[in-house]
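Here are the chains, one letter per residue:
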Amino acid sequence: MNRSVLLIGGGGHARVVLDGLLAMGRFCLGVTAREAPDLTDLAYIGDDEAAFRRFPHGTEAALGLGGTPRQGASGTALRRRVYDQYVERGFHFPPVVGRGVIMAPDVVLEDGAQVIAGAILQPNVRIGRNAMINTGARVDHDTVVGSHAMVAPGAILCGGVEIGVGAYIGAGATVLQGVRIGADAVVAAGAVATADLPDGGYVSRR
């Protein structure tokens, strides 16, 4: 296996992803971003087009773009757009697992899934393509997190939950057992989702 990975994005989340890659024994080819990032230990490749010109089909990459609470599901749309752009150019995204993650042996991580430091994933959990389980989040048994979804730091997904494609679960939010959150829906920071939420729906903190 080629252990070298291109890091896409140069902000705070990129540093988190870089730490996870290093913990996995991977090495960075460099970082691509619109402007030279504050990651002085890595070579700055340039923007996306520079990466497409420089690296061959099959190059492995890791997405270092996060999302803010104000962006909600629109933040997941940006990650999805960039991810799809690189996949179309032949890049491959291995899963990234950070330090101190507790993960059952049968957990499935699809291409580009990111599980950040301190998260807990229980048995029979599936994390979709380019989905993110952020710092210290907890995902209980028999839960499916759809592609491009984001589960923010400290969120709790109780057993048998389904998170739709591109959905955003805010920091410290809770989705109760058996609840389905639709595609591109948002559960705000600190909110509790007690019933199914339709595609594009929103649950606020009360």
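### Looking at the pattern of salt bridges
Turning to step 1, where the next piece is worked out: Per the counting criterion, the structure on display carries seven salt bridges.
Turning to step 2, where the next piece is worked out: With its nearest N and O atoms 2.2 Å apart, the salt bridge here joins arginine 26 to glutamate 60. Highlighted residues: arginine 26 in the loop between helix 1 (12–23) and strand 2 (27–32) and glutamate 60 in the loop between helix 2 (48–54) and strand 4 (61–63), separated in sequence by 34 residues.
Turning to step 3, where the next piece is worked out: Residue classification places arginine 26 among the buried residues on the basis of a relative accessible area of 4%.
Turning to step 4, where the next piece is worked out: A salt bridge links arginine 126 to glutamate 110; the nearest nitrogen and oxygen atoms lie 2.9 Å apart. With arginine 126 in strand 10 (residues 126–127) and glutamate 110 in the loop between strand 7 (108–109) and strand 8 (114–115), this pair connects stretches of sequence that are 16 residues apart.
Turning to step 5, where the next piece is worked out: Among the charged side chains, a network of salt bridges with common partners joins Glu162, Arg180 and Asp199.

### Quick notes on unusual backbone geometry
Turning to step 1, where the next piece is worked out: Although it is not a glycine, histidine 148 sits at a positive phi angle of roughly 70 degrees.
Turning to step 2, where the next piece is worked out: Non-glycine residue aspartate 184 carries a positive phi angle of around 60 degrees.

### Things to note about the sheet that holds strand 2
Strand pairs in the sheet, formed through backbone hydrogen bonds, run parallel or antiparallel to each other.
Turning to step 1, where the next piece is worked out: As summarised here, the arrangement of the four strands in space is 3-2-1-4, forming an open sheet in which the pairing is parallel. Because the sheet does not close on itself, it has two edges, and the strands there are strand 3 (44–46) and strand 4. Averaged over neighbouring strand pairs, the angle between their axes works out to 35 degrees when direction is ignored.
Turning to step 2, where the next piece is worked out: Judged from the two bridges that link them, strand 2 and strand 3 form a sheet pairing that is parallel. Within the sheet, the bridge partner assigned to threonine 32 lies in strand 3 and is glycine 46.

How each quantity is defined
- Residues numbered from 1 in each chain as written.
- Predicted model: local features only at pLDDT ≥ 70, side-chain atom pairs only at ≥ 80, totals over all residues.
- Heavy atoms only, no water.
- Salt bridge = Lys/Arg side-chain N within 4 Å of Asp/Glu carboxyl O.
- Helix = DSSP H or I, 4+ residues; strand = E, 2+ residues; numbered from the N terminus.
- Buried < 20%, exposed > 50% of the residue type's maximum accessible area, 1.4 Å probe, protein only.
- Pairing = 2+ DSSP bridges.
- Axes fitted to C-alpha atoms, helices over the stretch in contact; angles between N-to-C directions.

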